[in-house]
Structure formats: structure tokens, C-alpha cells
Amino acid sequence: MTGATQIAVVSAGLSDPSSTRLLADRILQAVTKDLAGRGTETSSRVFELRDFAHDITNSVLTGFAPKPLAEMNDFVAGADAVVVVSPIFSTSYSGLFKSWVDALDRDALAGMPVLLAATAGTPRHSLAIDYAMRPLFTYLHAEPVSTGVFASSDDWGESADRVAPLQQRIDRAARELADRMTEAERAVPADPFSPESYLGENGSFADLLANPPVR
Ligand SMILES: Cc1cc2nc3c(=O)[nH]c(=O)nc-3n(C[C@H](O)[C@H](O)[C@H](O)COP(=O)(O)O)c2cc1C
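Quantities reported herein were computed from a predicted structural model and do not represent experimental measurements.

Across its full length, the protein holds eight helices and seven strands. The long-range fraction of contacts in the protein, counting pairs at least 24 apart against all pairs at least 6 apart in sequence, stands at 77%.

So this is what it looks like as C-alpha cells:
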């Protein structure tokens, strides 16, 4: 384990090669470069959900995550920021992506800076990040940055006259994520079962017995 800032990248592409993975790599490169420019050293891991598809299914069926999935989810929950990229299927995130979210601990992403991104066949579904992915991550109490990166098939060609080329959108979202990561420590939700939560930071059991909480 290094002291470097940790970034988890989750790609839900199903194809091989996958445009979703390609976008995930481009975003990670931009975030890493931006943070390096601020003097912040990073380490990262990229996970392809297709490698965990059976584990994810088993986890939602049984309520227990097999070890490889549990390890991935632990890395994601312990990261300083998460990049999630889903292909758009039938106008929304893919079923595998949603099942992975269902297999995550409910508080795993609370307070987590998240960059939302998606690939699709048509630019007509470019709002899917905002009407599908963003509400999902809001529900999880994550903190998605305001720029989502959407890439449809047309975006991958080099076209000089495009109004907002893909790389510009990636760089902007990467900057927002880096801003969020460097501005403050993440507020980790309090463990309701820790002694501090019912004794107070400097409290003792003797204090608790002398002054029991009034409910
Ligand atoms: C079952 C299925 C449904 C799809 N639905 C949509 C859709 O509603 N809108 C869209 O723009 N593209 C849709 N696509 C295209 C994919 O979003 C697009 O090809 C994606 O980039 C594939 O990612 P990958 O290369 O990482 O697998 C669909 C593809 C599949 C296989």
C-alpha cells in the first residue's frame, strides 16, 4: 500500500475491445495528469465488470459477494475517487452496471467524489448520464461532479470542427474531479456501533453511567 491518492475505475463495457474501457482509460489518464500537475501522486486500478459478471449475479442472488468481487468493492469503497463508465443499453445504464451497484454496500460510496461517464451508439441518448446515472449516485449519497462524459460512436473520429470535442469534455470532468479530491478530506459516515458514537470522543463508560443519555 502506498500513500498515493487512490482512484478506482469501473468499466461496464461488454465488448472486447470495448469503447467503454477505452473511454475509462482516457478519463483515468486525464485525471492522473491533472493531479500530477498539482503535485498529487496517484495509484489506480481499472475493473471491467464483465470479469465479475458471474460473481455479481451470485452476489445479488445470495447476498454474499465472492472474494474477487468483495476485493474489488473494498478497493472502490476505500478509494479517494471513483470513475464509473457504463454503455447505454435501451436508453439507460446497462443491467450489469446496475447489478454491480446493487451488490455494493449501501454506504460504500457515501461522500465519494465520482465522475460519471457513458458510451452509446447514438448522440440522441446523451442525457442518459443525467436522467439515469446521476439520480442513482445521488441515491447512494455519492458526490458526482457536474460534468458527465458521454461518448457516442461519432465522438471517436477526429473531427476538427466539432463544438465540444470529446477530449475537452474529458479534461473538464477530470479537472472537476481533481478539484473535488484536493479540496477536502472525504467525510466517511460514522460507524453507529463504534464506542465514540455513544460515548463521545473523550468519554468513558464511567461518564456514561454517571450521565446516562436522556431519550
Ligand atoms: C443491448 C444493447 C442495447 C443498446 N441500446 C442503446 C441505446 O439505447 N442507445 C444507444 O445510443 N446505444 C445503444 N447501444 C449501443 C451501445 O451503447 C454502444 O455500442 C456501446 O458503446 C457499447 O460499449 P462497449 O463497446 O464497451 O461494449 C446498445 C447496445 C446493445 C448491445
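The structure having been displayed, the exposition proceeds.
So, on to the site of the ligand. In the vicinity of the ligand, 16 residues are found, and the nearest of them are G13, S15, S18, T20 and A120. Counting residues per element, the ones that place at least two in the shell around the ligand are α1 (19-37), β3 (81-89) and β5 (113-120). Counting residues per element, the shell around the ligand draws most heavily on β3, which supplies three residues. Partitioned by chemical class, the residues of the shell around the ligand number five nonpolar, 11 polar and no charged.

With 55 residues, the main nonpolar core has I27, V31, V82, V83 and A117 as its most contacted residues. The residues contacting V83, other than those within four sequence positions of it, are I7, V9, A24, I27, L28, V31, L115 and A117.

Our next topic: the packing of helix α2 (residues 53-62) against helix α4 (residues 95-103). At a closest axis distance of 9 Å, the pairing of α2 and α4 adopts a crossing angle of 50°. Relative to α4, the element α2 lies oblique. Relative to α4, α2 is oriented so that their crossing is left-handed. Across from A53, I56, T57, S59 and V60 in α2, the residues of α4 making contact are L96, S99, W100, D102 and A103. Residues that form the contact of α2 with α4 fall into these classes: six nonpolar, three polar and one charged.

Next up on the list: the environment of V84. Mapped onto the elements of the fold, V84 is located in strand β3. Every residue in contact with V84, bar those within four places of it in the chain, is listed here: V10, V114, L116 and A117.

Scoring rules and cut-offs
- Residues numbered from 1 in each chain as written.
- Predicted model: local features only at pLDDT ≥ 70, side-chain atom pairs only at ≥ 80, totals over all residues.
- Helix = DSSP H or I, 4+ residues; strand = E, 2+ residues; numbered from the N terminus.
- Contact = placed C-beta atoms within 7 Å.
- Near = placed C-beta within 6 Å.
- Nonpolar A, V, L, I, M, F, W, Y, C, P; charged D, E, K, R; others polar.
- Core = buried A, V, L, I, M, F, W, Y, C linked by C-beta atoms within 7 Å.
- Buried ≥ 20, exposed ≤ 12 C-beta atoms within 10 Å, placed from the backbone.
- Axes fitted to C-alpha atoms, helices over the stretch in contact; angles between N-to-C directions.
- Parallel < 35°, antiparallel > 145°, perpendicular 65-115°, else oblique.
- Left-handed = near helix turned anticlockwise from the far one by under 90°.

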